[in-house]
Protein chains: 2
Amino acid sequence: MSWKNNTSITLDRFDISILDILMKDNMTPQRQIAEAVNLSAAAVQRRIKKMTLASVIHSNIAIVNPIMVGLPITLIVEIELVDVRNDVIEEAKTRLLNMPVVQQCYYVTGQADFFLILHVATMADYENFSRNLFFTDPNVKKIRTSVAIDSVKVGHTLAIK
Amino acid sequence: MSWKNNTSITLDRFDISILDILMKDNMTPQRQIAEAVNLSAAAVQRRIKKMTLASVIHSNIAIVNPIMVGLPITLIVEIELVDVRNDVIEEAKTRLLNMPVVQQCYYVTGQADFFLILHVATMADYENFSRNLFFTDPNVKKIRTSVAIDSVKVGHTLAIK
DNA sequence: ACTCATATGAAACAAAATTGCATTATACCC
DNA sequence: GGGTATAATGCAATTTTGTTTCATATGAGT
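Parameters at a glance
- Residues numbered from 1 in each chain as written.
- Chains lettered and ligands numbered in written order.
- Predicted model: local features only at pLDDT ≥ 70, side-chain atom pairs only at ≥ 80, totals over all residues.
- Heavy atoms only, no water.
- Pairing = 2+ DSSP bridges.
- Helix = DSSP H or I, 4+ residues; strand = E, 2+ residues; numbered from the N terminus.
- Axes fitted to C-alpha atoms, helices over the stretch in contact; angles between N-to-C directions.
- Contact = heavy atoms within 4.5 Å.
- Polar contact = N/O pair within 3.5 Å; in protein donor to acceptor, adjacent residues only side chain to side chain.
- Least-squares fit on C-alpha atoms with pLDDT ≥ 70 in both.
- Near = heavy atom within 4 Å.
- Nonpolar A, V, L, I, M, F, W, Y, C, P; charged D, E, K, R; others polar.
- Buried area = accessible area lost by both parts, 1.4 Å probe.
- Salt bridge = Lys/Arg side-chain N within 4 Å of Asp/Glu carboxyl O.

Under an unreviewed UniProt entry, chain A has the name Lrp/AsnC family transcriptional regulator and belongs to Flavobacterium cerinum.

K.L.:
It is not clear to me how the sheet that holds strand β3 (residues 102–108) of chain A should be interpreted in this structure. Could you clarify?
P.N.:
Backbone hydrogen bonds are what pair the strands of a sheet, in a parallel or an antiparallel way. If you trace the eight strands once around the closed barrel, you get β2(A)-β4(A)-β3(A)-β5(B)-β2(B)-β4(B)-β3(B)-β5(A), paired in antiparallel fashion. In this sheet, neighbouring strand axes are inclined to one another by 35 degrees on average, regardless of whether the strands run parallel or antiparallel. Against the sheet, helix α4 (residues 86–97) of chain B contacts β5 (140–154) of chain A together with β2 (73–81), β3 (102–108) and β4 (114–120) of chain B, and its axis sits at roughly 15 degrees relative to β4(B). Sheet contacts for helix α5 (residues 123–136) of chain B: β2, β3, β4 and β5 (140–154) of chain B; angle to β5(B), the most-contacted strand, approximately 150 degrees.

K.L.:
Where do I start with the side chain of B:Glu78 in this structure?
P.N.:
Secondary-structure assignment places B:Glu78 in strand β2. A distance of 2.8 Å separates the side chain of B:Glu78 from the side chain of A:Arg144, its partner in a polar contact. When sequence neighbours within four positions are dropped, the list of residues in contact with B:Glu78 reads A:Glu78, A:Phe115, A:Arg144, B:Ala112, B:Phe114, B:Phe115, B:Lys142, B:Ile143 and B:Arg144.

K.L.:
Just to check I follow, could you spell out the relation of the copies chain B and chain A for this structure?
P.N.:
The relation between the two copies of this chain is a rotation about an axis and a shift parallel to it. Of the transformation superimposing chain B on chain A, the axial component is 0.0 Å and the angular component is 180 degrees, with the fit at an RMSD of 0.1 Å. Interpreted geometrically, this transformation is the action of a two-fold axis. When C-alpha distances to the rotation axis are compared across chain B, the minimum falls at B:Ile61, with a value of 2.8 Å. With an isologous cut-off of 70% or more, the 100% of interface residues of chain B that recur at the interface of chain A puts this contact in the isologous class.

K.L.:
Could you clarify how one ought to interpret the protein's contact with DNA strand D in this entry?
P.N.:
Neighbouring residues of DNA strand D: 14 residues in total, closest A:Gln30, A:Gln45, B:Ser40, B:Arg47 and B:Lys50. Take the atoms of DNA strand D that sit within 4 Å of the protein: sugar and phosphate atoms are 55% of them. One of the side-chain nitrogen or oxygen atoms of A:Arg46 is found 2.9 Å away from a base oxygen of DNA strand D. At the level of elements, α2 (30–37) and α3 (41–53) of chain A together with α3 (41–53) of chain B are the ones that each hand at least two residues to the surface near DNA strand D. Residue contributions to the surface near DNA strand D peak at five residues, all from α3(B). Its residues assigned to classes, the surface near DNA strand D shows five nonpolar, three polar and six charged.

K.L.:
Whenever I open this one, the interface of chain B and chain A confuses me. Can you help?
P.N.:
Many structure descriptions define interface size as the accessible area lost when the parts assemble. Across the boundary between the two partners, chain B contributes 69 residues, which contact 69 residues of chain A. With both chains or domains summed, chain B and chain A bury close to 7,100 Å², and 60% of this area falls on carbon and sulfur atoms. A per-residue breakdown of the area chain B buries against chain A is headed by B:Trp3, B:Met68 and B:Lys153, which together make up 12% of the total. The interface formed by chain B and chain A holds four salt bridges in total. Where A:Arg144 meets B:Glu78, a salt bridge forms, and the shortest distance between an N and an O atom there is 2.8 Å. Joining chain B to chain A, the criterion identifies 42 residue pairs in polar contact (both at pLDDT 80 or more). Elements with a minimum of two residues in the side of chain B that touches chain A: α1 (13–22), β1 (57–64), β2, α4, β3, β4 and β5 of chain B. With ten residues, the single largest contributor to the side of chain B that touches chain A is β5(B). Looking at side-chain class alone, the side of chain B that touches chain A contains 40 nonpolar, 21 polar and eight charged residues. Two strands pair when backbone bridges link them, and strand β1 (residues 57–64) of chain A and β1(B) are joined in this way by seven bridges, in the antiparallel orientation. Paired with A:Ser59 across the two strands is B:Ile63, which belongs to β1(B).

Structure follows, in structure tokens:
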């Protein structure tokens, strides 16, 4: 992912109202959105198109319940590296990015270098992952794992403005 | 959120293929999905409906680029509590859940008790948040903050099966 | 006042989702 | 095997939704 600001665009209150709706449910008919924000359906549609082109709207997706698809375990993993030279970091990023169990990956300041959020079927799967991490990368100094007992909130509704 | 397993449902290869597509782009026309998985559009539509009712599909949403809406700072926050009695935890969950800056919140095992992911406009906003946290809750022992330099991956595509 | 650029609503149009219906496949029971 | 119930399917009609067209309105700059 790696959020980028490609385009310049200013959002007015209409745009924000539209986004507020779409961030909760993008299957809402444009006519219904139009009614909610006091615009015509055509205007709503143009604004959505514009925001999509400007990559304000990054994508439109279905959120799947991990428990219902056999991935009941959520893990938060902190990774500390030995060497933090730029090229080494970039290499690590690429590798983590391409691991399917890695749902989210943040490169951060602070004690740790990376934060990961994983979804796995079993603890054995996690063991495979972490073992693989250590084996393939001698640069991994330390990893610290937390098991999520409760995913209290997994939101995608940004509080705009 | 707090993922739940309400219903029992078994997913076959068709369902998983459909999910794989919808997790990437839920605006994909059913006809196109149908073609990709070798079913009729009607069949695809019924399967999607079924999975939605069974809450395999939790929701359908637009993913908004936080940078483009003035929330360029991503933070990872670990919270450690003094008292971890059940009712205290539940209270903390409720409060965190209702904070708009809190995008994700996990109650975890390990050193920390909670992991949060926040999106804020400025560091001042974060200061407000953390100050508010300490003031309103004497049960917060310690918080540790990491600033995301790069959101390497913010995925929602689960690796099913 | 004129022009350019931009945004709008209403309506026509195109495309998509949804439903009804007949058919097929599978499992289970006598 | 014959019968029956259940569930899933494709096709086609229908309905809903998204998209485009067009005429009009607004505002900034000249």
